[in-house]
Amino acid sequence: MLVDQLNDYQSHIQREYLLSYLRLLFKMIHYMISKGGSEALLQTLVDSARTASPDYNILLPLLRLLVKVGQRDKKFGKKALELEALDVTLILARKNLSHNQNLIHCLWALQVFASRVTTAAMLGINGAMELLFKVITPYSRKCTRIIRAATEVLAVLLKSKSNSRRAVNRGYLNGLLRLHQDWQSHDTSNDFIQIRRSLLLCLKHITNIQSGREVFLGAQGMEILFTTTQKYLGNQSMDAIISIVIQILRKCYPKCSLPLSTASSYYSFSVPGSMSSGPPGTINEGKLYLLHLLLKDDDLETDLKKLTSKPVLSWREEELKQYEAMCLELSHNFQELNSKSGDELSSEEDLGIHQCNYFCNIPTQTSSKKHCQERDQSSQGLETGDTHFQDPPLKQMKIMKSTGDTTYEEGAPGKIGPYLSSNDQEEDSSQREAPNTQASFKEPPWGAEVCSCQNKNTFLSSSIRIDETSETVSKFLERHPMDIPFHNPYTYIAKAEGTKSVPGFKVLAFPDVWGHHSPPFSQPMLERKCGIQRAKIFEDVQRFIHPDKVMGRVVFSLDEPWLLQSTDATEYLKFSSGFESGNLRKAIQVREFEYDLLINADVNCVQHQQWFYFKVSGMKAAMAYRFNVINCEKVNSQFNYGMQPTMYSVKEALQGRPHWVRVGYDICYYKNHYRQNPAAAGAPGKCHYTLTFSVTFPHNEDVCYLAYHYPYTYTALMAHLDFLEKSVNRKKVYFQHQVLCQTLGGNPCPLVTITAMPESNSSDHLQQLRQRPYQVIVARVHPGESNASWVMKGTLEFLVSSDPIAGLLRESFIFKIIPMLNPDGVINGNHRCSLRGEDLNRQWLSPTAQHQPTIYHTKGLLHYLNNIGRTPVVFCDFHGHSQKKNVFFYGCSIKETLWQAGCTADTSIVTEDIGYRTLPKILDQVAPAFAISSCSFLVEKSRASTARVVVWREIGVLRSYTMESSYCGCNQGPYKVSIFLKNDLINPGPMGLQLGTRELEEMGATFCLGLLLLQLKSLTCSSHFMAQASALLDARKDILGHHLHRLVYSFIHIHFIFICSYFHRYFTIYIHKIHGDNIFFNHSVFISA
């Protein structure tokens, strides 16, 4: 009612009364807007301003009130345009150019009006920008409130592209640059940051259009912003200025194509029977990930029929019969196996495998600590004193769980710590127990690239040729003894001869042959230095401003093979990636100690540049080398959140420290100025990202290998399986290594079966074996996810070990394991695809034996098990994750998917066993790296063709999972801990530990423990198994820890109570003793009905 009467009152007293009353109603402003208050106020403004002599005692409070109302009324600009309030306010501003108080109120109102793009465009047409440039003056300490308000209005106006074009056409951009320079240079005390920020916002909005960027570059805007801002980079109080400057510089940096002859992979593979003459169509993975985040709920499968229906089996009986040969344990009579003796293991001597407990047996949980120490101290080339890293995985878990703290050696954050010796420490290193490296060869034993070992008077090679004789290898190993569990160079070299690659690799990488031993320490995530990304971007801009200072020397290129012949250069590093899993396409020296690196795309692809693995040599010690991987694809990376790449030093290995370690500092990951050539097939205009990191090498003239993550090659897997097969106790362990199929590249895909040998050949014992449920575990479908192989390594070693828990698992289950689903991709250095250039984890719906043989036969094996009534209890696909931390599961749930999608379908008709959550809950309790909070059980349309969803939907496996392990580390649980640095406690804040190979192998072993505990919760669990498990776990309290002990007995307690109530006719249970938190059961034998 009051707003209706506002225009009816003519006297000043009445108007002032109503305006005061409206200010009191400010708390009800939304109600006032809904009743037409905005229109009434705007009309009052127009009427009052058009009088012969406007009364500013009324206009000023009215303008202030309009500003407050306008900030809450989304249609305020449109209303002001319709009521002609824009023109009125502009007229008032022009009349009051010399009256600061009146002018600033008009500017505040114009800023609110211009918040709507169409209104801003109209203001621009009516000359608002010309007016503002009369108000905005060069640096002055007078009228700064007016200048600030005017620059803020101009910044809002320039959000309109029409205003930006008008500003470019009228030359305002040059004027803005001059104003920026003037204010930036004179405001030395930083009193007027807001004015400088608004001027930069004006430049930012103008450069949103192509013509604005062109004029900006022509006016040397890059140089001006670079020089005026560079000195403020380390000043956090200037973030408001620097962040806008960075955005302008990145946007205006001229876009160009990558310095490659073609976007396609350097390697190509002709797929038999393929009709495609070029790379398959590809999708930008980074954009796909962003789309997945933005449309996450839209991607959820809400079709109840698709979620609940099971596809009709498309496999014929005769097709499935071929998989009988892959399940020999169901038909074999075991007479031949039982007749074998341990003497057959002597054949291993032919391969040079040294028979010793250290090589052939995983240490048992009952091994004394003293024994471990003695064994470690007796091993040449390994440091003494740090022995807990050799403990079995379950004992490692207990150490982390019980102590809550992790110790690591002191060193500069992100740099190689004292476990890598520097040159000035090498003389002292002779006092330690180290390999004998004094003898030397007259000629280098392997390869053509050689570097000398300082102060050692010996030669070491950077690479090993496959065709070298075992005699030469033996001579070299005699001078450099090494002792790494489950690894032997002879076995590796022998297996490498059968590995087939597209490039035809003839050289083996030193770390792969020599082996890796988990270092005796954990490494925390790298704390990111403030402003590091800005500093790196400014260095990139400096290249554009001063191109004469850029060397641009190509020092390595697959496209220019003649560059590889130069081996005598000393002014730059030497690079190589011509070995298994290697991936480096080009290296360009841009400054003396800085190199741009380009990764090769996946074979038959134009994308998936993430995995890298290359050799570098010829370095100088104690110098910071910067490496920029400039053609990465993902929109973000864990390198921005504490992750470091890995490095292996040959000199360190020869001094007894054969470790892949996390290295690098000044690490960041950001979008660069390179774009995909529009003429390239696949993804035109695709953005690229730069991973930059610095490394200070500890030795002169060393040979080092750098990798995205801990490498694990196909040959390493085959050598490992060969070692396991020869080391198991064949009287207790059934270990069958078969070939699932041949890959497209002609490499055998291994299939491993592990279970317990029957006690005898009696029908009862054979029947007991054949009735064991199956567990199916697969890994490495994505070649770049090498962490999945380290988890698998821990799983395999634990299952064949003499650990009593492993023995109980073997007696309870039959494990079918396919440790590498994509051998070809791993061998050829791919990140995600097969040799056909396709993601094999998107081919599970309808694979073919011709194009996706490993997926086809894995799915066929699963269908066979399902067809004979032996559907696996658990199916788990091991993966690596580049966007998240910790280890976690992806599973499948109908109800959770429908609930998350907000589906109105009647879920009461859907019956779903919630047992899919049991295993993740168990692992959350027992695995230090596992985080159930990161797990997801949603079924997405874009994941319909993945292993997890297809096995759940078609095979009917309730517990079908993808287990993701972070490339980075953990930010929760025992691995997010307080860290001791010598004797001082340090609080790492949000940082935790990076996952190393020890932690990954531990996760694989703990996964097996989770399967045991899952069986304890199963209704099919026998009383005999419970008795064994309870006795075993009770005896292992010192290893498993008190928390896990309580968890185990709660499982047993709940399970027995349920069975007592349901099967009370068949057996009775006496609770013998309840003491504190522990419950001890005395089990009676079964009583027949």
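What you are looking at is a predicted structure, and each value in this text was computed from that prediction instead of being measured.

1. Digging into the overall build of the protein chain
Then, in step 1: Of regular secondary structure, the protein chain possesses 43 helices and 28 strands.
Then, in step 2: Counting across all 1089 residues of the protein chain, residues that qualify as buried make up 58%.
Then, in step 3: Within the protein chain, counting contacts between residues at least 6 apart in sequence, those at least 24 apart form 78% of the total.
Then, in step 4: Carbon and sulfur atoms form 51% of the exposed surface of the protein chain, whose accessible area is close to 44700 Å².

2. Digging into a nonpolar patch on the surface
Then, in step 1: On the surface, Leu81, Met122 and Ile125 cluster together into a nonpolar patch covering about 240 Å² of accessible area.
Then, in step 2: For Met122, the position within the fold is in helix α9 (residues 117-125).

3. Side note on the pattern of salt bridges
Then, in step 1: A complete count under the given rule lists 32 salt bridges for this structure.
Then, in step 2: The residue Glu633 makes a salt bridge to Lys686 at a minimum N-O spacing of 2.5 Å. A residue pair is termed long-range when its members are at least 10 positions apart, and Glu633 in the loop between β12 (624-632) and β13 (646-649) and Lys686 in the loop between β15 (665-675) and β16 (687-696) qualify at 53 residues. Neither residue differs from the other here; Glu633 and Lys686 are each classed as buried.

4. Description of the UniProt feature "active site" (unreviewed entry) in the protein chain
Then, in step 1: Look at the UniProt record and you will see "active site" (unreviewed entry) annotated at Glu964.
Then, in step 2: Within the secondary structure layout, Glu964 lies in strand β24 (residues 959-966).
Then, in step 3: Owing to a relative accessible area of 8%, Glu964 belongs among the buried residues under this scheme.
Then, in step 4: Apart from the residues lying within four places of it in its own chain, the contact partners of Glu964 are His879, Gly880, His881, Asn886, Val887, Phe888 and Tyr890.

5. Topic: the state of the cysteines
Then, in step 1: Within this structure, the stated rule accounts for zero disulfides.
Then, in step 2: Left without a disulfide partner, Cys749 is nearest to the cysteine sulfur of Cys741, which lies 5.0 Å away.
Then, in step 3: Using a relative accessible area of 0% as the deciding quantity, one classes Cys749 as buried.

6. Considering the nonpolar core
Taken as a class, soluble globular proteins show a tendency for nonpolar side chains to be buried jointly.
Then, in step 1: Membership of the largest hydrophobic core comes to 139 residues, with the highest contact counts inside it found for Phe575, Phe627, Tyr705, Leu809, Phe878, Phe889 and Phe1007.
Then, in step 2: It is helix α40 (residues 997-1017) that provides the largest number of residues to this core, a total of eleven residues.
Then, in step 3: Apart from residues no more than four positions distant in its own chain, Leu809 is found in contact with Phe798, Leu799, Phe815, Cys1008, Leu1011 and Leu1012.
Then, in step 4: In terms of nonpolar packing, the next biggest core, distinct from the first, is built from 93 residues, Ile104, Tyr172, Phe216 and Tyr232 among them.

7. What to know about the side chain of Lys859
Then, in step 1: Tracing the backbone through its elements, the reader meets Lys859 in helix α36 (residues 853-867).
Then, in step 2: Not counting residues within four places of it along the chain, the set of residues in contact with Lys859 comprises Trp315, Trp844, Leu845, Ser846, Pro847, Val950 and Glu954.

8. Here we look at the packing of aromatic side chains
Here a ring pair, both rings aromatic, is described through the centre-centre distance and the interplanar angle of the planes.
Then, in step 1: For the structure shown, the criterion picks out 39 aromatic pairs.
Then, in step 2: Arranged with centres 5.7 Å apart and planes meeting at 25 degrees, the rings of Phe76 and Phe113 form a pair that is stacked. Taken together, the positions of Phe76 in helix α6 (residues 76-82) and Phe113 in helix α8 (residues 100-113) put the pair 37 residues apart, joining distant regions of the chain.
Then, in step 3: By relative accessible area, Phe76 is classed as buried at 1%.

9. Structural notes on the pairing of strand β11 (residues 613-617)
Then, in step 1: The buried fraction of β11 is high, at five of five residues.
Then, in step 2: Here β11 shows no split at all, with Tyr613, Lys615 and Ser617 on one side and Phe614 and Val616 on the other all buried.
Then, in step 3: Here five bridges tie β11 to strand β17 (residues 703-707), and the two strands are oriented antiparallel to one another. Each bridged residue has a counterpart across the sheet, and for Phe614 the counterpart in β17 is Leu706.

10. Details of the sheet that holds strand β9 (residues 586-591)
Then, in step 1: If you trace the seven strands from one edge of the open sheet to the other, you get β1-β15-β16-β12-β10-β9-β7, paired in mixed fashion. The open sheet is flanked by β1 (256-257) and β7 (553-557), the only strands paired with a single partner.
Then, in step 2: Alignment of β15 against β16, held across six bridges, turns out to be antiparallel. Paired with Tyr665 across the bridge in β16 is Ser694.
Then, in step 3: Taken strand by strand, helix α29 (residues 532-545) contacts β9, β10 (594-598), β12, β15 and β16, and its axis lies near 45 degrees from that of β15.

11. Here's the deal with unusual backbone geometry
Then, in step 1: Positioned with a positive phi, His608 is a non-glycine residue whose angle comes to about 70 degrees.
Then, in step 2: Relative to the assigned elements, His608 resides in the loop between β10 and β11.

12. Observations regarding the sheet that holds strand β14 (residues 660-662)
Then, in step 1: Pairing is antiparallel across the open sheet formed by five strands, whose spatial order is β8-β11-β17-β13-β14. Each having just a single partner strand, β8 (574-576) and β14 make up the two edges of the open sheet. Each adjacent strand pair in this sheet contributes to an overall mean axis angle of 30 degrees, direction not counted.

13. Let's talk about the side chain of His881
Then, in step 1: Examined against the element boundaries, His881 turns out to sit in strand β22 (residues 874-881).
Then, in step 2: With relative accessibility at 12%, the residue His881 sits in the buried group.
Then, in step 3: A distance of 3.2 Å separates a polar atom in the side chain of His881 from the backbone nitrogen of Lys884.
Then, in step 4: With near-sequence residues (within four places) excluded, His881 lies in contact with Asn787, Phe888, Tyr890, Glu964, Ser965, Ser966 and Tyr967.

14. A short note on the environment of Phe888
Then, in step 1: Here Phe888 is to be found in strand β23 (residues 887-890).
Then, in step 2: Residue classification places Phe888 among the buried residues on the basis of a relative accessible area of 0%.
Then, in step 3: Residues Phe888 and Ser934 lie 46 residues apart in sequence; the distance between their C-alpha atoms is 5.8 Å.
Then, in step 4: When sequence neighbours within four positions are dropped, the list of residues in contact with Phe888 reads His881, Phe930, Ala931, Ser934, Cys935, Thr962, Met963 and Glu964.

15. Some points on helix α10 (residues 128-135)
Then, in step 1: Looking only at α10, the buried set comprises Ala128, Met129, Leu131, Leu132 and Val135. Viewed along the axis of α10, the buried residues span an arc of 155 degrees, placing them on a single side of the element.
Then, in step 2: Along its buried surface, α10 packs onto α7 (85-95), α8, α9, α11 (144-157), α12 (161-169) and α13 (172-186).

16. Topic: the pairing of strand β20 (residues 774-779)
Then, in step 1: Counting buried positions along β20 gives six out of six residues, so the element sits mostly inside the fold.
Then, in step 2: The two faces of β20 match: Tyr774, Val776 and Val778 on one face and Gln775, Ile777 and Ala779 on the other face are all buried.
Then, in step 3: The sheet contact formed by β20 and strand β21 (residues 814-818) spans five bridges and is parallel. By the bridge assignment, Tyr774 is partnered in β21 with Ile814.

17. A word on the packing of helix α16 (residues 221-229) against α29
Then, in step 1: It is the contact of α16 with α29, at a shortest axis distance of 10 Å, that shows an interaxial angle of 135 degrees. In terms of their interaxial angle, α16 and α29 are classed as oblique. α16 and α29 meet at a crossing whose hand is left-handed. Here Met222, Glu223, Phe226 and Thr229 of α16 come into contact with α29, specifically with Phe538, Val541, Gln542, Phe544 and Ile545.

18. Structural notes on the packing of α10 against α11
Axis angle and axis distance: for two packed helices, these are the angle between their axes and the distance between the axes, and together they describe the pair.
Then, in step 1: Two elements in contact, α10 and α11, have axes whose closest approach is 9 Å; the angle formed by their N-to-C orientations is 150 degrees. Put simply, α10 runs roughly antiparallel to α11. Classified by chirality, the crossing of α11 by α10 is left-handed. Listed contacts from α11 to Ala128, Met129, Leu132, Phe133 and Val135 of α10 are Ile146, Ile147, Ala150, Val153, Leu154 and Leu157.
Then, in step 2: Looking at side-chain class alone, the contact of α10 with α11 contains eleven nonpolar, no polar and no charged residues.

19. Section: the confidence of the model for the protein chain
Then, in step 1: With 73% of its residues at a pLDDT of at least 70, the protein chain reaches an overall mean of 79.
Then, in step 2: Note that residues 978-989 has pLDDT below 50 and, in this model, 25 contacts with residues that lie over four places away or in other chains.

20. Notes on helix α5 (residues 56-70)
Helical periodicity: at 3.6 residues per turn, an α-helix aligns residues three or four positions apart in one direction.
Then, in step 1: When the terminal C-alpha atoms of α5 are compared, their 20 Å separation across 15 residues agrees well with the 21 Å that a helix rising 1.5 Å per residue should span.
Then, in step 2: Of all the 15 residues making up α5, eleven are buried; the element is thus mostly covered by neighbouring parts of the structure.
Then, in step 3: What α5 keeps buried is the set Ile58, Leu59, Leu60, Pro61, Leu62, Leu63, Leu65, Leu66, Val67, Val69 and Gly70.

Calculation criteria
Per-chain numbering applies: the sequence of each chain, read as written, is numbered from 1 onward. This being a predicted model, a pLDDT of at least 70 is required before a residue's local features are given, and a value of 80 or more before pairs of side-chain atoms are given or counted; all residues contribute to the totals for chains, interfaces and linings. Hydrogens and water molecules were not included; the side-chain quantities draw on all heavy atoms of the structure. Segments assigned H or I by DSSP are reported as helices when at least four residues long, segments assigned E as strands when at least two residues long, and all are numbered from the N terminus. Exposure classes here rest on a 1.4 Å probe applied to the protein chains alone. A residue is buried below 20% of its type maximum, exposed above 50%, and partly exposed in between. By definition, residues are in contact when any of their heavy atoms lie within 4.5 Å. Exposure was quantified through the Shrake-Rupley algorithm and a 1.4 Å probe, taking into account, for residues, occlusion by the shown protein chains and nothing else. For patch detection, residues must exceed 30% relative accessible area and be free of salt bridges, and they are connected within 9 Å for like charges or within 5 Å for nonpolar side chains (Val, Leu, Ile, Met, Phe, Trp, Tyr). The working definition used for a salt bridge is a side-chain nitrogen of Lys or Arg within 4 Å of a carboxyl oxygen of Asp or Glu. UniProt positions are given in the numbering used here, feature names are shortened, and annotations may be inferred rather than shown by experiment. In this description, the term disulfide denotes a pair of cysteine sulfurs within 2.5 Å. Only buried Ala, Val, Leu, Ile, Met, Phe, Trp, Tyr and Cys residues count toward a nonpolar core, and they belong to the same one when joined by side-chain atoms within 4.5 Å. Stacked, tilted and edge-to-face pairs are distinguished by plane angle, under 30 degrees for stacked and over 60 for edge-to-face with tilted covering the rest, among Phe, Tyr and Trp rings (Trp via its six-membered ring) whose centres lie within 6.5 Å. Strands qualify as paired when DSSP identifies two bridges or more between them. Lines fitted to the C-alpha atoms define the axes, with helices restricted to the stretch that makes contact. Angles between their N-to-C directions range from 0 to 180 degrees. Polar contacts, as used here, are pairs of N or O atoms within 3.5 Å; protein pairs need one atom able to donate a hydrogen and one able to accept it. Residues neighboring in sequence count only if both atoms are side-chain atoms. Directions from the helix axis toward the C-beta atoms define the arc. Throughout, the term roughly parallel applies to angles under 35 degrees, roughly antiparallel to angles over 145, roughly perpendicular to angles from 65 to 115, and oblique to all others. Note on convention: near helix rotated counterclockwise from far helix by under a right angle means a left-handed crossing. Clockwise means right-handed. In the scheme used here, Gly and all other residues not listed as nonpolar or charged are polar, with Ala, Val, Leu, Ile, Met, Phe, Trp, Tyr, Cys and Pro taken as nonpolar and Asp, Glu, Lys and Arg as charged. Per-residue confidence from the predictor is given as pLDDT, running between 0 and 100. Expected helix span is taken as 1.5 Å per residue step, with the number of steps being one fewer than the number of residues.

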